[in-house]
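What the coordinates show
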Amino acid sequence: VIPHGWESRPSSQGTENGHALSVGRVVVAVEPGPGAMSLLHTAAGFAQRDCLSLSVVTVAATKHEETYGSSLTELLTHTKERFIGLEISVHYVAGKPVPEIAHAAGDAVLLVVGTRGFGGLSGWMHGSVSQALLQHISLPMLVVPNRAPE
């Protein structure tokens, strides 16, 4: 989804010692579970392709890393092994998902989020984070459907 009035930011990629410099970042909002690996790898692929860094954001009711720590660590280890050289930062945030993800996305080039599989009336009743984010961000957002087997 590309917001009305959004204009692409100019890319001024440079190099240092033969390595591409990150001049922007892709933000991915992840919670461990079905589909998390696919979501993380999709975001990492976009970041690596465009020589950007990847910011992984996970939101929980409390800021304790233990909430998702070990599961997320395993996902990140696999991602770092697959996307060698990609600069990845991890942010554990406490609060409500929509405002925290919107704040974390701030100046990002792209926000990548997943789905829980709720759509239509069910999504409206349970609260679709991706739908609500559209009201709070001004950057492109990629919504990756959860296609993991249950």
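The paragraphs below set out a description of the structure included in this document. Predicted, not measured: the structure shown is a model, and the values here were computed from it.

With five of five residues buried, strand β3 (residues 25–29) is to be regarded as a mostly interior element. The pairing of β3 with strand β4 (residues 53–60) spans five bridges and is parallel. Pairing of R25 across the sheet is with S53, part of β4. Handedness of the crossover joining β3 and β4 through helix α1 (residues 36–49): right-handed. Note that β3 and strand β6 (residues 110–114) share three bridges and pair parallel.

What holds strands together in a sheet is hydrogen bonding between their backbones, with the strands either parallel or antiparallel. Taken together, the five strands give an open sheet; going across it, the order is β5-β4-β3-β6-β7, and neighbouring strands pair in parallel fashion. In this open sheet, the two strands that pair with only one neighbour each are β5 (88–94) and β7 (141–144). For this sheet, the mean inter-axis angle between neighbouring strands, taken without regard to orientation, is 20°. The sheet strands contacting helix α3 (residues 97–105) are β3, β4, β5 and β6, and the helix crosses β3 at an angle near 165°.

Here V28 lies in strand β3. As a C-alpha pair, V28 and L110 span 82 residues in sequence and 8.4 Å in three-dimensional space. Those residues in contact with V28 that lie beyond four places of it in its chain are L39, L40, A43, L54, S55, V56, V57 and V112.

Turning our attention to the pattern of salt bridges. The full count for this structure, using the stated rule, is two salt bridges. One salt bridge in this structure joins D107 and R25, with 3.0 Å as the shortest N-O distance. Of the two residues, D107 is situated in the loop between α3 and β6 and R25 in strand β3; the sequence distance between them amounts to 82 residues. When its relative accessible area of 56% is taken as the criterion, D107 is described as exposed. Residue R25 is classed as buried on the basis of its relative accessible area, which comes to 19%. R49 serves as the salt-bridge partner of D50, at 2.9 Å between the closest nitrogen and oxygen. In this structure R49 comes out as exposed when scored by relative accessible area, which is 56%.

On to α1, then. Over its 14 residues, α1 extends 20 Å from the first C-alpha to the last, a length consistent with the 20 Å expected when each residue adds 1.5 Å. Burial in α1 covers these residues: A36, L39, L40, H41, A43, A44 and A47.

What follows deals with the nonpolar core. Of all hydrophobic cores here, the largest spans 22 residues; its most connected members are V26, V28, V30, L40, L54, V56 and V112. Elements that contribute at least two residues to this core include exactly β3, α1, β4, α2 (69–82), β5 and β6. Tallying contributions element by element places α1 first for this core, with six residues. Not counting residues within four places of it along the chain, the set of residues in contact with V26 comprises A43, A47, L52, S53, L54, S55, L110 and V112.

The rules we used
- Residues numbered from 1 in each chain as written.
- Predicted model: local features only at pLDDT ≥ 70, side-chain atom pairs only at ≥ 80, totals over all residues.
- Heavy atoms only, no water.
- Buried < 20%, exposed > 50% of the residue type's maximum accessible area, 1.4 Å probe, protein only.
- Helix = DSSP H or I, 4+ residues; strand = E, 2+ residues; numbered from the N terminus.
- Pairing = 2+ DSSP bridges.
- Right-handed = clockwise from strand over helix to strand, strands pointing away.
- Axes fitted to C-alpha atoms, helices over the stretch in contact; angles between N-to-C directions.
- Contact = heavy atoms within 4.5 Å.
- Salt bridge = Lys/Arg side-chain N within 4 Å of Asp/Glu carboxyl O.
- Expected span 1.5 Å × (residues − 1).
- Core = buried A, V, L, I, M, F, W, Y, C linked by side-chain atoms within 4.5 Å.

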